[in-house]
Amino acid sequence: MSSPVHPVRESSPAPVHPVDESRPVGRILLFGVQHVLVMAATPISAIFLMSATLRLSPGLTVDLLSAALLLSGVGSLIQSLGPWKFGPRLPFVMLPGGAPLILFLSIAQAHGLPTATGAVLLTAAFTFVVLPLFARLLRFFPPLVIGTMIVIVGVNLVKVGALLVTGQPGTPGFADPGALGLAFATIGLIVVFTRVLRGVLRQLAVLLGLVAGTALAFALGQVHLGSLTSGQLVGLPRPLPFGAPVFDVLAALPLMLYSLASMAEATGQTVINAEAVGKEIDIRKDVPSTVRGDALTSLLGGFLGLPLMVTSGENIGIVRVTGVRSRYVTAAAGLVLVVLGFLTPVARAITVMPPAVVGGAAMVVFAVITVLGVQMLQRARLEDHTSMVTCAVALALGLLPILVPGVYDGFPSGVRILLGSGVAVGAFTAALLNIVFHHLGRRRDEPVLPAEAPGAAARV
């Protein structure tokens, strides 16, 4: 008598996490374009600031904007897809600007553009060298430290956007009422669009504000369209646009020092991103992957005349509102940015927007970074007295050179450059005080204070 034959049960495939979920190509591309449009103000404002501060020619400005779009796309692809050990495979976008841009401009003004380019290349290489050591120090950068630093970064960036509107103090036309009115109108339009629109259109409120602000400027005769019809259709960003790089370690030291703070910022961005998509990460594995992606993209960008490229938290809001957590969406955004980087008419069209309009939108976008820092500080439990003192002292020292420009002018040049980076000073002050209050003298059996607890999505 033959034994009964039992059907073989096939094991069901493991469920795919929404971060790794693929969607129809058309839908992924549509969501990717949305990310591009919302983040567009950041590379625009960064290149506008470079052009205005360094008095670059219109042709060079277009080349740099094309390079910024191209490298933002390449960086977004690296961080989203995570080839080999580069990128955490989270829905990230990468952008130029921020504190690294300020340091790039200060080096360029003091030592020349070739030295500033050399500083970017040196800093990218330096990041690869010190990353193994930094990975061992991640426990000294809890939400208390990272949140404080991100608040300082946000305040500094709002100032950068404001200077696009007002110009530098003491220069002709500083704080022109017409430019201020145009900036306030742009901000008001963004608020109106956010209030009255729904769904995807609400997420495009910044872009719509830029378009509406430019249309208003055109009606007021402040937009000139002559450059739109000139030049070729497709072009390549110019390699080494400022000539052969000059490698001056002393001049590059402020940027190299900031790269340590940037690693701490990348830690916070990775934790925030993971929490937004509900994915548990290994902070000692995934944070270094994010930093490697930053360093590789910055190395490539340095050859195209760009400042350091950094991961951005601007797209996290879109992820939270839409519920679309797939990293392939930001990879699609990267592909769109790469294509835009080769289409010179797009770059020329972007440069038509008046600086006051771009600056007004940039202030709103950059202020979001400050809000992200405040959100992270909420996890630091500032009711603890030592945490409150750590945050307060770091904010005081970090904001001092931002709120009082020239405060360190009486110091030697090397010290002045180091202290003048409010972001770096604030980050390392917070890290040092966190070590003093929460690590030194603590017994091994003593519980870890709340300020040292990582985010819910992170494993140390």
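Reading the values: rules and limits
- Residues numbered from 1 in each chain as written.
- Predicted model: local features only at pLDDT ≥ 70, side-chain atom pairs only at ≥ 80, totals over all residues.
- Heavy atoms only, no water.
- Helix = DSSP H or I, 4+ residues; strand = E, 2+ residues; numbered from the N terminus.
- Contact = heavy atoms within 4.5 Å.
- Buried < 20%, exposed > 50% of the residue type's maximum accessible area, 1.4 Å probe, protein only.
- Core = buried A, V, L, I, M, F, W, Y, C linked by side-chain atoms within 4.5 Å.
- Expected span 1.5 Å × (residues − 1).
- Axes fitted to C-alpha atoms, helices over the stretch in contact; angles between N-to-C directions.
- Parallel < 35°, antiparallel > 145°, perpendicular 65-115°, else oblique.
- Left-handed = near helix turned anticlockwise from the far one by under 90°.
- Nonpolar A, V, L, I, M, F, W, Y, C, P; charged D, E, K, R; others polar.
- Salt bridge = Lys/Arg side-chain N within 4 Å of Asp/Glu carboxyl O.
- pLDDT = per-residue confidence, 0-100.
- Phe/Tyr/Trp six-rings, centres within 6.5 Å; stacked < 30°, edge-to-face > 60°.

Checked against the element boundaries, Phe193 lands in helix H7 (residues 177–196). The spatial distance from the C-alpha of Phe193 to the C-alpha of Ala205 is 5.3 Å, given a sequence separation of 12 residues. What Phe193 contacts, discounting residues up to four positions off in sequence, is Ala205, Leu208, Gly209 and Ala212.

Next up on the list: the side chain of Thr429. Here Thr429 lies in helix H18 (residues 422–438). Here Thr429 falls in the buried class, since its relative accessible area comes to 15%. Thr429 has contacts with Val393, Ala394 and Leu397, leaving out every residue within four places of it along the chain.

Judged by nonpolar contacts, the single largest core of 92 residues is most densely connected at Met50, Leu64, Phe104, Phe141, Met149, Phe242 and Leu306. Excluding anything up to four places from it in sequence, Phe141 contacts Phe134, Ile146, Ala264 and Ala431. Among the nonpolar cores identified, the runner-up in size contains eight residues, and Leu69, Val93, Val336 and Leu337 belong to it.

This next bit is on helix H11 (residues 283–302). Counted at 1.5 Å a residue, the expected span for H11 with its 20 residues is 28 Å, and the 28 Å between its end C-alpha atoms agrees. Of all 20 residues in H11, 14 are buried, a share of seventy percent or more.

One non-glycine residue, Trp84, lies in the positive phi region at around 50°. Looking at the element boundaries, Trp84 is found in the loop between helix H3 (58–81) and strand E1 (93–96). Residue classification places Trp84 among the exposed residues on the basis of a relative accessible area of 71%. Of note, the phi angle at Arg89 is positive, near 60°, even though the residue is not glycine. With a relative accessible area of 40%, Arg89 lands in the partly exposed category.

What follows concerns the packing of helix H10 (residues 249–277) against H11. Running from N to C, H10 and H11 cross one another at 120°; their axes reach a closest spacing of 9 Å. Considered as vectors, H10 and H11 are oriented oblique to each other. H11 is crossed by H10, and the crossing has right-handed handedness. Residues Met263, Ala266, Thr267, Thr270 and Val271 of H10 pack against Ile283, Asp286, Val287, Thr290, Val291 and Asp294 of H11.

Taken N-terminus to C-terminus, the directions of helix H6 (residues 143–166) and helix H16 (residues 385–403) make an angle of 25°; their axes are 10 Å apart at the nearest point. In terms of orientation, H6 lies roughly parallel with respect to H16. Seen from above, H6 lies across H16 with right-handed handedness. The residues of H16 that touch H6, namely those facing Leu144, Thr148, Val151, Ile152, Val155, Asn156 and Lys159, are Ser387, Thr390, Cys391, Ala394, Leu395, Gly398, Leu399, Pro401 and Ile402. Taken together, the residues that form the contact of H6 with H16 break down as 10 nonpolar, five polar and one charged.

Take the pattern of salt bridges next. With the rule as written, the count across this model stands at two salt bridges. Measuring nitrogen to oxygen at the nearest pair gives 2.7 Å for the salt bridge that ties Arg238 to Asp63. One end of the pair, Arg238, is in the loop between helix H9 (205–219) and H10; the other, Asp63, is in helix H3, and 175 residues separate them in sequence. Note on Arg238: relative accessible area 39%, which makes it partly exposed.

Once that is clear, we can look at the environment of Ala331. Here Ala331 lies in helix H13 (residues 327–342). Judged by its relative accessible area of 6%, Ala331 falls in the buried class. Placed 257 residues apart in sequence, Ala331 and Val74 show a C-alpha to C-alpha distance of 9.0 Å. Once residues lying within four places of it in the same chain are set aside, the contact partners of Ala331 are Leu77, Ser80 and Leu81.

For H9, spanning 15 residues, the distance from its first C-alpha to its last is 21 Å, which sits close to the expected 21 Å at 1.5 Å a residue. Gly221 lies just past H9 and shows a positive phi near 75°.

Of all residues in the protein, 84% have pLDDT values of 70 or greater, and the mean over the chain is 80. When the criterion is pLDDT under 50, residues 445–456 qualifies, and its contacts beyond four places in sequence or with other chains add up to 24 contacts.

Inspection of the entire model under this criterion finds three aromatic pairs. With 6.0 Å between their ring centres and 40° between their planes, Trp84 and Phe86 make a pair best called tilted. Ring centres of Phe86 and Phe128 lie 6.3 Å apart, and the angle between their planes is 75°; this geometry places the pair in the edge-to-face category. With Phe86 in the loop between H3 and E1 and Phe128 in helix H5 (residues 113–136), this pair connects stretches of sequence that are 42 residues apart. On the accessibility criterion, Phe128 (30% relative accessible area) is partly exposed. One aromatic cluster in this structure is built from Trp84, Phe86 and Phe128.

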